[in-house]
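Survey of secondary and tertiary structure
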Amino acid sequence: AQSVTQLGSHVSVSEGALVLLRCNYSSSVPPYLFWYVQYPNQGLQLLLKYTSAATLVKGINGFEAEFKKSETSFHLTKPSAHMSDAAEYFCAVLPRTSGTYKYIFGTGTRLKVLA
Amino acid sequence: GAGVSQTPSNKVTEKGKYVELRCDPISGHTALYWYRQSLGQGPEFLIYFQGTGAADDSGLPNDRFFAVRPEGSVSTLKIQRTERGDSAVYLCASSLTIGGTGKFEQYFGPGTRLTVT
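Read on for an overview of the structure.

A count of helices and strands for chain B gives zero helices and eleven strands. Listing the helices and strands of chain B from first to last along the sequence gives β-β-β-β-β-β-β-β-β-β-β. Taking 2.2 N^0.38 as the reference for a compact globule, 117 residues should give roughly 13 Å; the C-alpha atoms of chain B span a radius of gyration of 13 Å, in line with that estimate. In terms of principal-axis extent, the alpha carbons of chain B reach across some 40 × 25 × 25 Å. Among the 117 residues that make up chain B, the fraction classed as buried is 48%. Taking the contacts inside chain B whose residues are at least 6 apart along the sequence as the reference set, 56% of them involve residues at least 24 apart. Here chain B contributes 12 positive and 11 negative side-chain charges, whose respective centroids are spaced 5 Å apart.

The subject of this paragraph is the packing of aromatic side chains. A complete count under the given rule lists 16 aromatic pairs over all chains for this structure. Note on Tyr-36 of chain A and Phe-108 of chain B: the rings are 5.5 Å apart at their centroids and 80° apart in plane angle, and the pair reads as edge-to-face. Taken together, the residues span two chains, with Tyr-36 of chain A in strand β5 (residues 32–38) and Phe-108 of chain B in strand β10 (residues 107–108). Side by side, Tyr-36 of chain A and Phe-108 of chain B carry an identical accessibility label, which is buried. Aromatic side chains Tyr-35 of chain B and Phe-45 of chain B sit 6.2 Å apart centroid to centroid with 80° between the ring planes, which places their arrangement in the edge-to-face category. Pair noted here: Tyr-35 of chain B is in strand β4 (residues 31–37) and Phe-45 of chain B is in strand β5 (residues 44–50), with a separation of ten residues, a long-range link. The buried category is assigned to Phe-45 of chain B, whose relative accessible area is 5%. Connected via pairs of aromatic rings, a cluster forms that spans Phe-34, Tyr-36, Tyr-101, Tyr-103 and Phe-105 of chain A together with Tyr-33, Tyr-35, Phe-45, Tyr-48 and Phe-108 of chain B.

Residues and elements named next belong to chain B. If you trace the four strands from one edge of the open sheet to the other, you get β1-β3-β8-β7, paired in antiparallel fashion. Each end of this open sheet is capped by a strand with a single partner; those strands are β1 (5–7) and β7 (65–68). The sheet shows a mean angle of 15° between the axes of neighbouring strands, taken without regard to direction. The pairing of strand β3 (residues 19–24) with strand β8 (residues 75–79) spans five bridges and is antiparallel. Pairing of Leu-21 across the sheet is with Leu-77, part of β8.

So, on to the side chain of Asp-85 of chain A. Residue and element names in this part refer to chain A. By the secondary structure assignment, Asp-85 is in the loop between β9 (73–78) and β10 (87–94). Overall, the relative accessible area of 2% leaves Asp-85 in the buried class. Setting aside residues up to four positions removed in sequence, Asp-85 forms contacts with Phe-63, Lys-78, Ser-80, Leu-111 and Val-113.

Another point: the pattern of salt bridges. Under the defined criterion, the tally for this structure stands at eight salt bridges over all chains. Ionic pairing is found between Glu-105 of chain B and Lys-49 of chain A, a salt bridge with its closest N-O pair at 2.5 Å. Of this pair, Glu-105 of chain B sits in the loop between β9 (88–95) and β10 while Lys-49 of chain A sits in strand β6 (residues 44–50), placing the two residues on different chains. By relative accessible area, Glu-105 of chain B is classed as partly exposed at 21%.

A separate point is the interface of chain A and chain B. Facing the 20 residues of chain A at the interface are 20 residues of chain B. Approximately 1700 Å² of surface area, both sides summed, lies buried where chain A meets chain B, with 56% of it carried by carbon and sulfur atoms. Between chain A and chain B we count one salt bridge in total. In this assembly, chain A and chain B are joined by four residue pairs in polar contact (both at pLDDT 80 or more). Elements supplying a minimum of two residues to the side of chain A that touches chain B: β5, β6 and β10 of chain A. Here the element with the most residues in the side of chain A that touches chain B is β5 of chain A; it accounts for four residues.

All names here are of chain A. Enumeration over the complete set of coordinates arrives at two disulfides over all chains. Covalent S-S linkage joins Cys-23 and Cys-91, the inter-sulfur distance amounting to 1.9 Å. The disulfide joining Cys-23 to Cys-91 has a torsion of about -60° about its S-S bond and is therefore left-handed. With a gap of 68 residues between them, Cys-23 in the loop between β3 (19–21) and β4 (24–26) and Cys-91 in strand β10 connect regions that are remote in the sequence. Cys-91 sits in the buried class, given a relative accessible area of 0%.

Definitions and cut-offs
Residues numbered from 1 in each chain as written. Chains lettered and ligands numbered in written order. Predicted model: local features only at pLDDT ≥ 70, side-chain atom pairs only at ≥ 80, totals over all residues. Heavy atoms only, no water. Helix = DSSP H or I, 4+ residues; strand = E, 2+ residues; numbered from the N terminus. Rg over C-alpha atoms; globule rule 2.2 N^0.38 Å. Buried < 20%, exposed > 50% of the residue type's maximum accessible area, 1.4 Å probe, protein only. Contact = heavy atoms within 4.5 Å. Lys, Arg positive; Asp, Glu negative; His and termini not counted. Charge placed at Lys NZ, Arg CZ, Asp CG, Glu CD. Phe/Tyr/Trp six-rings, centres within 6.5 Å; stacked < 30°, edge-to-face > 60°. Pairing = 2+ DSSP bridges. Axes fitted to C-alpha atoms, helices over the stretch in contact; angles between N-to-C directions. Salt bridge = Lys/Arg side-chain N within 4 Å of Asp/Glu carboxyl O. Buried area = accessible area lost by both parts, 1.4 Å probe. Polar contact = N/O pair within 3.5 Å; in protein donor to acceptor, adjacent residues only side chain to side chain. Disulfide = S-S within 2.5 Å.

Laid out in structure tokens, this is it:
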């Protein structure tokens, strides 16, 4: 069955440092891939999505992610962390071949930004 | 414009009681999703609707859980004979459509925190 793994339940970076949040999927057919952000007491917000040929995807708030088929990965990056980036981040997949819209979410990575 | 709203924001109930959780999607969104998020976990798919019909309810954990969307807008998630293990945040999301360019744009509500004592 399709699954998604987020390495690191907690990540801390200094303000201005590179943010790297990891996501790997398990399927022979690359799924649609998504990153969501959840701020405290708020709903999830879509950051970016990979649904077509472009492997480098740019999203909101300066985030981007690169789909790498050979590594079955879709890691999220941001060149320079800001205090407002502190939140929980979820990677999600939607199998292309399932014929349904049953999204599968990872367990999340909580990002802490240090002043 | 208004986003997805969910009521109540918090619900405390006793084991064995019946609860209803409501979701108001964004106006015009035909697809609606329910998820359950337990502490320290990501959202877990429960069910999604396209219009009034449940297109996939394979995520509902058992027959105590049921969801309806009678007019293709507001949806209610119903849980009978609640158990302590049902305690979680229940999230609702909507999207413009299942097909087409808007199909991947899920908009989430803030959730209902259910606590079963």
